[in-house]
Every structure is written in C-alpha cells, then in structure tokens.
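Now for the letters of each chain:
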Amino acid sequence: MTNYKILITDGLDETGQSILRSSATVDDKSGISADDLLKAIPEYDALIVRGRTKVTASVMDAGSRLKVVGRAGVGVDNIDLEAATSRKITIINSPISTSLAVAELTFGLLLALAREIPRADATMKQGKWAKKELEGVELNGKTLGLIGFGRIGVEVGKRASAFGMNVLAYDPLISADEIKKRGAEPASLQDLYAWSDFISLHMPLTVDTRDMIGLLAFSQMKHGVRIVCAARGGIIDESALVEALNSGKVAGAALDVFGVEPPGLTEAVSHPRVIATPHIGAQTAEAQSRASEDIAHEVLSALRGESLRWRVA
C-alpha cells in the first residue's frame, strides 16, 4: 500500500474501487458540492469523476497535491484541459469501456423512433387501443447518416447494416478510405443531410460542434428526417429542433443528452415527438464495471509514472 489518496466524486463501480484500494487510500464522496470539493481536494493525489463534477481551474489550484484527474467514461468537457496542461496535471479517460452500451442505446432509440414504442406503451397504460394512430416506418431500406464515425459510430453502423439500412458517415478526422474499411459510405455533411432518413450524432462537444445541428442544418435535411443524439448535449440547438419538429421538417427526435442537465421540463423534453432519456447511454452494469476497472488501472499507472493508454492531456 502506498500513501496515495484518491477522491471519487460521482460514484464508481465496486470493481474499480477494489482495484484502487489495493494500492491507495480511497474516499468515495459521491455527490459532493462544488464548494465542498474545493475544501477537500488539497488532501488528494488523484480525482476520479464522471460527467457531473466540474473540474475547473479553481479546483486544480486548490489541489496542491493533485497529479491526476480520471474521467470514468469518454467525454471530458467537464474538465478544464487547458488549465490541467498549464498545471502539469494528467487527464485520462476510459474511452472504450462504454462504447457498446452507448451504441446499443442509440439503436434502441432508432427503433423506438421508427415504431413510436414509447407512445404506444403510454397509450396502453392510459387504457387506450391506439393501433391505427401508430403507423411507423421500417428501418430496412432507409438511409442512416452517422456524423462522427469513431468507436460508437462504427458499432451503430454495424447494427444498422444488419437491419438492412444504407449507412453513410461523415467524419472530418477520418479519411474516405478508412470510413469504407469501417463499413460505411463516406459522404459530405451536405450530402448526408440531404439523403438521410435517420441521422445519429457521435461527436464530442467542442467550439466547432456546439449548436452544429441548428436552423441551417435542419434546412438542408430531408423532410421527415428522424434524429438521435446520445453523444453530448449542446450539439443540437434545442430551440431550433423544436421549431423543426413543429414544422414537420423533423418527424421525431430521440435525445439522451441535453445542453443543460438535468434539463427540467423544457419544450424539447416535453415535445410529443421527442423521446427523452436521462443520459443513460453508459448506464449498463457491464459498461460501468468496465469503465471503473479501466480508469482505476489508468489512474494508478499515472500516479506511478507508468505508460498510459488513454491520456487526454
């Protein structure tokens, strides 16, 4: 046992906690407030978070012993990477552990949109038999446009192909040849908008992608398109989405992520043609176990000065 101290603020599966405890002192203070985090962080060498905790420059300044911040999952938009780099604090994540879980949820949302499954269930629970009002569409023969074709996008594409869908992909970081190797037809963003019956988003939230799916993007899409986002809130301009839904341009949307979380009962969440879920993309027992194991090993490696698999900054 070393004298490392590690703080967990957003929960971590017991698999990972056991690994950490074998080599360090671990405190699980899940749900800790921002103010209390500032008071507590000076005691710790490492901090492990998920999406809730905001790891700001102020947190890093207060963390006089802080060497490592680990994100149990993929997205690191809640961590100030520039501040971490300037303070020589290592940022790591666990990018592959939740890919299958997010891909499966995405495909579940595609099916739910196509067949109006949530509405069908809700009407049954109201004692109604709304069979004739619930005519859906088939996925077979439809075109799915994937914006972002990394690990999760590829897994969604595989499942779409198995359902007989034509899969297009746009990713500015991946060559056309590589997109073909990964099982999709490369397309420009404009062509993807124009040809897709369904669009699924799989990119991080950055300065370039914030509100990327807004009024201009919707205007270029096929009438009656259906959209899924289980990537990051803020990529879709939710007010523009509501306008597109009301006009019929967008036939339906399924959102697992929101610009503000929790979003409350916004126009987008409450819209009758929106399926809304509370950021559950990675919420499977298997994914949480893998993420905790991966981040535990990676945090300990970082503290020991060993080579890292998933260094972000």
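Above: the structure in question.
The present account deals with the structure reproduced in this document. Note that the coordinates shown come from a computational prediction; the quantities given were computed from them, not determined experimentally. (Residues numbered from 1 in each chain as written. Predicted model: local features only at pLDDT ≥ 70, side-chain atom pairs only at ≥ 80, totals over all residues. Heavy atoms only, no water.)

Below, the discussion takes up the overall build of the protein chain. What the protein chain contains, in helices and strands, is 13 helices and twelve strands. With the principal axes as the frame, the protein chain shows a C-alpha extent of 65 × 50 × 30 Å. Out of the 313 residues in the protein chain, the part that is buried amounts to 51%. By sequence separation, contacts in the protein chain at least 24 residues apart represent 58% of the contacts at least 6 residues apart. When the accessible area of the protein chain is evaluated, it comes to approximately 14800 Å², of which 52% is carbon and sulfur surface. Measuring between centres, the 35 positive side-chain charges of the protein chain sit 2 Å from its 39 negative side-chain charges. (Helix = DSSP H or I, 4+ residues; strand = E, 2+ residues; numbered from the N terminus. Buried < 20%, exposed > 50% of the residue type's maximum accessible area, 1.4 Å probe, protein only. Contact = heavy atoms within 4.5 Å. Areas by Shrake-Rupley, 256 points an atom, 1.4 Å probe, with all protein chains shown as cover. Lys, Arg positive; Asp, Glu negative; His and termini not counted. Charge placed at Lys NZ, Arg CZ, Asp CG, Glu CD.)

Here the focus is the nonpolar core. Within the largest apolar cluster, 31 residues are counted, with the highest numbers of intra-cluster contacts made by Ile213 and Phe218. Within the residue set of this core, elements represented by two or more residues are α9 (189–195), β9 (198–201), α10 (215–220), β10 (225–229), α11 (238–247) and β11 (250–255). Per-element tally for this core: the top contributor is α11, with four residues. The next biggest cluster of nonpolar side chains, apart from the first, holds 28 residues, and it includes Leu109, Leu113, Val154 and Val156. (Core = buried A, V, L, I, M, F, W, Y, C linked by side-chain atoms within 4.5 Å.)

Mapped onto the elements, Asp171 comes out in the loop between β7 (166–170) and α8 (176–181). Put simply, Asp171 is tucked away with no salt bridge, and the nearest opposite charge, on Arg182, sits 5.9 Å away. Side-chain polar atoms of Asp171 contact the backbone nitrogen of Leu173, separated by 2.9 Å. If sequence neighbours within four positions are ignored, Asp171 has contacts with Gly148, Phe149, Gly150 and Ile179. (Salt bridge = Lys/Arg side-chain N within 4 Å of Asp/Glu carboxyl O. Polar contact = N/O pair within 3.5 Å; in protein donor to acceptor, adjacent residues only side chain to side chain.)

Moving on, we come to helix α7 (residues 151–162). Residues separated by three or four positions in an α-helix point in the same direction, a consequence of the helix having 3.6 residues per turn. Spanning twelve residues, α7 covers 17 Å between terminal C-alpha atoms, matching the ideal 16 Å at 1.5 Å per step. Along α7, the residues that are buried comprise Ile152, Gly153, Val154, Glu155, Val156, Gly157 and Ala160. Where the residues of α7 are buried, they touch α5 (99–115), β6 (143–147) and β7. The positive-phi residue at the C-terminal boundary of α7 is Gly164, with phi of around 80°. (Expected span 1.5 Å × (residues − 1).)

Next up on the list: the pairing of strand β2 (residues 25–28). Taken together, the four bridges between strand β1 (residues 5–8) and β2 define a ladder with parallel strand orientation. Across the sheet, residue Ile6 finds its bridge partner in β2, namely Val26. For the handedness criterion, the β-α-β arrangement of β1, helix α1 (residues 14–21) and β2 is classed as right-handed. (Pairing = 2+ DSSP bridges. Right-handed = clockwise from strand over helix to strand, strands pointing away.)

This brings us to the pattern of salt bridges. Where side chains of opposite charge bring their charged atoms close, a pairing between them can arise. Scanning the entire structure with this criterion turns up 16 salt bridges. Between Lys125 and Asp121 there is a salt bridge whose closest N-O contact spans 2.6 Å. Highlighted residues: Lys125 and Asp121, both in helix α6 (residues 117–125), separated by four residues, approximately one helical turn. Classification of Asp121 as partly exposed rests on a relative accessible area of 39%.

Attention shifts here to the sheet that holds strand β5 (residues 90–93). As a general point, the strands of a sheet are linked pairwise by backbone hydrogen bonds and lie either parallel or antiparallel. Spatially, β2-β1-β3-β4-β5 is the arrangement adopted by the five strands of the open sheet, whose pairing is parallel. For this open sheet the edge positions go to β2 and β5, each flanked by a neighbour on one side alone. Direction aside, neighbouring strands of the sheet carry axes that sit 20° apart on average. The pairing of strand β4 (residues 68–71) with β5 spans four bridges and is parallel. (Axes fitted to C-alpha atoms, helices over the stretch in contact; angles between N-to-C directions.)

Once that is clear, we can look at the environment of Tyr170. Within the element layout of this structure, Tyr170 appears in strand β7. Along the primary structure Tyr170 and Gly148 are separated by 22 residues, whereas in three dimensions their C-alpha atoms are 6.0 Å apart. Excluding anything up to four places from it in sequence, Tyr170 contacts Leu146, Ile147, Gly148, Phe149, Ala187, Ser188, Leu189 and Leu192.

A probe as big as a water molecule, rolled over the atoms, marks out the empty space that is left. Reported here for the second largest pocket is a volume of approximately 290 Å³. Classifying every residue of the lining of the second largest pocket by side-chain character gives nine nonpolar, two polar and five charged. (1 Å grid on protein atoms, 1.4 Å probe; cavity = no way out; pocket = protein on both sides within 12 Å on 5 of 7 lines; lining within 4 Å. Points joined across faces, edges and corners; volume = space filled by probe spheres on them. Nonpolar A, V, L, I, M, F, W, Y, C, P; charged D, E, K, R; others polar.)

Where α5 contacts α7, the two axes come as close as 9 Å, and the packing angle between them is 45°. The pairing of α5 with α7 is recorded here as oblique in orientation. Our pair here, α5 against α7, has a crossing hand that is right-handed. In contact with Ser99, Leu100, Val102, Ala103, Glu104, Thr106 and Phe107 of α5, α7 contributes Arg151, Ile152, Glu155, Val156, Arg159 and Ala160. (Parallel < 35°, antiparallel > 145°, perpendicular 65-115°, else oblique. Left-handed = near helix turned anticlockwise from the far one by under 90°.)

Of the two faces of β5, the one holding Thr90 and Ile92 and the one holding Ile91 and Asn93 are both buried throughout. Each parallel crossover has a hand, and the one from β4 via helix α4 (residues 81–86) to β5 is right-handed.

Right, let's talk about unusual backbone geometry for a bit. For residues besides glycine, phi is generally negative; the peptide bonds are generally trans as well. Pro262 follows Glu261 through a cis peptide bond whose omega is -5°. On the secondary structure map, Pro262 appears in the loop between β11 and α12 (267–270). The backbone of Asp211 shows a phi angle near 55°, a positive value even though the residue is not glycine. Relative to the elements of secondary structure, Asp211 occurs in the loop between β9 and α10. Despite not being glycine, His279 has its phi angle at roughly 50°, a positive value. Looking at where His279 falls in the secondary structure, it is placed in the loop between β12 (274–276) and α13 (285–304). His279 sits in the partly exposed class, given a relative accessible area of 33%.

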